[in-house]
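# Structural description and commentary
Each chain, letter by letter, is given below.
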Amino acid sequence: MGYRIDIEQRGCITCGICMDVCPVEALDMTRPQRPGIETGPGPGRPLDFMMERPLQVGECIGCGICIRECPPNVMSLITVEGVVPLAPRQGPIERPVAAEPNTWLPLSEVTREALKPKHGSPWGDLFTWKTRSRPKPWQVWTTMVEDAPKNPIAPCQEACPAGTDAGRYVGLIGAGKFDEAYAVAAEVNPFPSVCGWICTAPCESSCRRGVLDEPIAIRTLKRFAAEHGKLPAVAAPTVRRAEKVAIVGGGPAGMSAAYYLARLGYGVTVLEAMPVPGGMMAIGIPEYRLPREVLQQEIERILGLGVELRLDTAMGRDFGLPDLEREGFKAIFLATGASKSRRLGVPGDELRGVIPATRFLKEVNLGEHPHLSGDVIVVGGGSTAMDAARSAKRSGAATVTIVYRRGRKDMPAQEEEIEAAVREGVVIADGMAPTEVVGRDGMVVAIRVDEMRPTGETGSGARSSWAPTGAKGELPAAAILVAIGEEPDPSILPEGAGIEVSGWAGIVADPRTLATGRAGIFAGGDVVSGPKTIIEAVAAGRRAAASIHEYLAGAKDGEAEIFATVRYATPAEPKLSLDISVRPRVHAALPVVDTSSFSATAPGFTEAAAHAEASRCFRCDAVYGCPSVSVQAGRGPADSRTRPIPIPAVTTADQPSQGGVQ
């Protein structure tokens, strides 16, 4: 696969700007094949260096800079299967002889100008060249874009809910700067090590490298940075504020909000109902997927900022909102998560042995050592189902079968989680919908299912729709772990609290500010959105901290002030070397299969593997503004493997006009 640059030749004004701004020199301009307005020595002879039409002559990395900078907006980027055909490089490209200021230059002189290797401005002193997004079609020149970001951000950063600058820390790993890489990974995410182990990695799904071969292993590289780097000491807040903030819930949203508020100088108290902090990171994710010391270190770093933590303190049982207000807290953030398991909803689901998967995982993670035996059925297809199934194997179950109503490809869990479960002996029984739990003497003995088949249509969440075939089955079960979804528990809010609860039990909050209907009370994370990922909870916690800062201090842009506080500056890179040859991603070794232990067995990258993987990055984060970009491998300027394509003849009607002024 690859990127093809399409150009509507009829609208092209032959300015050559696309060629000039392409950081990897993937574009060139054809030379006229017949006399033009300007001719060289001899009658009708065209000058060798005149430009006529753009052509793709090198592998495109998909950065889109030519698309943004094209004045008539006639370029588009297409993803294609197979090898993208390339035209032969036209060359040569030479810088023109220096001319007197304000002197008219013919087109032949102007279009010889290229931004390699110095990236000077193609418009001289008239405009400063900066690539910016162009949200409206009439905004042709970049200088017409108002309030735009300094540079378009890389797709990986845009896909990350927390906005982590992944390209920058990947580049730092490639340069051997592990401390700096760790600092960049941690600047907008107080749980970089946790995410290095268990993040769902939406950044990888958006990685441009994935069009050429495979996405960069961004998550594993983040884990490598955390394991091989050292974070700098956190600077003390420049302002110590008198206002105190209470945070109800010590999960990723609550602890993230605490981190950012503490960095802004607020006194913060976190109230957690469980005997350990971390929320579902601590009580829902088994240790073999997330080592406890990794989570503990990140929480200790947050508490080290002066955050107070109160454990075994549940809202609705040990305190209420009025108690917090009487204690002097000027703002309260509700981040109690969504840990209440949904019931199976079929006859017999009240029998002994039908267990919420979240309750089972909590007992496992709190060291209560629940013991299972016989055949265990897990109903569901998400991450909770996979964690419950693998934990059931480690808790004594003879067999573990996951029952899911759709196909394996429709399972919400990540493919690597499913593969890990299968490697450990878990059976995936897809296309089966539970209809009844069979009991004897009040105990579970089996589960009855309808066999399902795909209808060929798309159901909710872009998953395929399945319907019963009419066939039925029965699976023996000594225990059934229900993992069909979680929801918030609204019982923590007393009547008259002034906080609205939605029909599905989530707290209603403003989507931008996270403010509830009661002044000074904010809510965010899973308790508002329903079950989401850890990185989404981190982003919600930062958004809440920003809104609370705006509420208490009158700040105009709380997130901007947070970013100014936590950003870790790194020097601009004067040179970038890219490898755009087809080279599949580096994979860490497979974990050892050991269902007798809850110890983590998933290895990370070695230093050599991390360097090799980081060097595959297209560096979309920096390529826009780097003054010198070179292609070291792949179908770039010096690659003899360029596949020529015929240059189509241009009819008189298509012939672009020539001439111009500078």
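Now for a description of the structure that goes with this document. (Residues numbered from 1 in each chain as written. Predicted model: local features only at pLDDT ≥ 70, side-chain atom pairs only at ≥ 80, totals over all residues. Heavy atoms only, no water.)

### Notes on the overall build of the protein chain
When helices and strands are tallied, the protein chain shows 21 helices and 21 strands. For the protein chain, buried positions account for 52% of its 662 residues. The long-range share in the protein chain, meaning contacts at least 24 apart out of those at least 6 apart in sequence, stands at 72%. When the accessible surface of the protein chain is summed, it comes to about 29,300 Å², and 53% of that surface belongs to carbon and sulfur atoms. (Helix = DSSP H or I, 4+ residues; strand = E, 2+ residues; numbered from the N terminus. Buried < 20%, exposed > 50% of the residue type's maximum accessible area, 1.4 Å probe, protein only. Contact = heavy atoms within 4.5 Å. Areas by Shrake-Rupley, 256 points an atom, 1.4 Å probe, with all protein chains shown as cover.)

### Section: the sheet that holds strand 13 (residues 427-430)
Note: strands within a sheet are paired through backbone hydrogen bonds, in either parallel or antiparallel orientation. In space, the five strands of this open sheet follow the order 10-17-11-12-13, with parallel pairing throughout. Of all strands in the sheet, those bounded by a partner on one side alone are strand 10 (354-356) and strand 13. Looking at each pair of strands side by side, their axes are set apart by 25 degrees on average, direction ignored. The pairing of strand 12 (residues 399-404) with strand 13 spans four bridges and is parallel. Its bridge partner being in strand 13, T401 is matched across the sheet by V427. Against the sheet, helix 15 (residues 357-365) touches strand 10 and strand 17 (479-482), its axis set at about 70 degrees to strand 10. (Pairing = 2+ DSSP bridges. Axes fitted to C-alpha atoms, helices over the stretch in contact; angles between N-to-C directions.)

### Focus on the packing of aromatic side chains
Tallied over the full model, the rule gives four aromatic pairs. On the basis of an interplanar angle of 70 degrees and a centroid distance of 5.7 Å, the ring pair of F522 and Y551 is categorised as edge-to-face. Here the residue F522 occupies a position in strand 19 (residues 521-523), and Y551 occupies one in helix 19 (residues 534-553), the gap between them amounting to 29 residues. Exposure remark for Y551: the relative accessible area of 42% places this residue in the partly exposed category. One Lys or Arg, R394, reaches over the ring of Y288 and ends 4.0 Å from the middle of that ring. Of note, R567 hangs over the ring of F563, and the distance from its end group to the ring centre comes to 4.8 Å. (Phe/Tyr/Trp six-rings, centres within 6.5 Å; stacked < 30°, edge-to-face > 60°. Lys NZ or Arg CZ within 6 Å of the ring centre and 35° of its normal.)

### Observations regarding the pattern of salt bridges
Oppositely charged side chains are able to pair whenever their charged atoms sit close together. Applying the stated criterion across every chain, the model contains 33 salt bridges. D6 serves as the salt-bridge partner of R4, at 2.6 Å between the closest nitrogen and oxygen. When its relative accessible area of 31% is taken as the criterion, R4 is described as partly exposed. Residue classification places D6 among the partly exposed positions, given a relative accessible area of 24%. (Salt bridge = Lys/Arg side-chain N within 4 Å of Asp/Glu carboxyl O.)

### A closer look at the environment of K330
Tracing the backbone through its elements, the reader meets K330 in strand 8 (residues 329-334). Here the alpha-carbon distance between K330 and A519, two residues 189 residues apart in the chain, equals 9.8 Å.

### Brief notes about the packing of helix 19 against helix 20 (residues 558-566)
Running from N to C, helix 19 and helix 20 point in directions that differ by 110 degrees, and their axes come no closer than 8 Å. The orientation of helix 19 with respect to helix 20, classified from their angle, is roughly perpendicular. Between helix 19 and helix 20 lies a crossing whose hand is right-handed. Contact residues: helix 19 offers R542, R543, A545, A546, H549 and E550, while helix 20 offers G558, E559, E561, I562 and F563. Along the lines of polarity and charge, the residues of the contact of helix 19 with helix 20 split into four nonpolar, two polar and five charged. (Parallel < 35°, antiparallel > 145°, perpendicular 65-115°, else oblique. Left-handed = near helix turned anticlockwise from the far one by under 90°. Nonpolar A, V, L, I, M, F, W, Y, C, P; charged D, E, K, R; others polar.)

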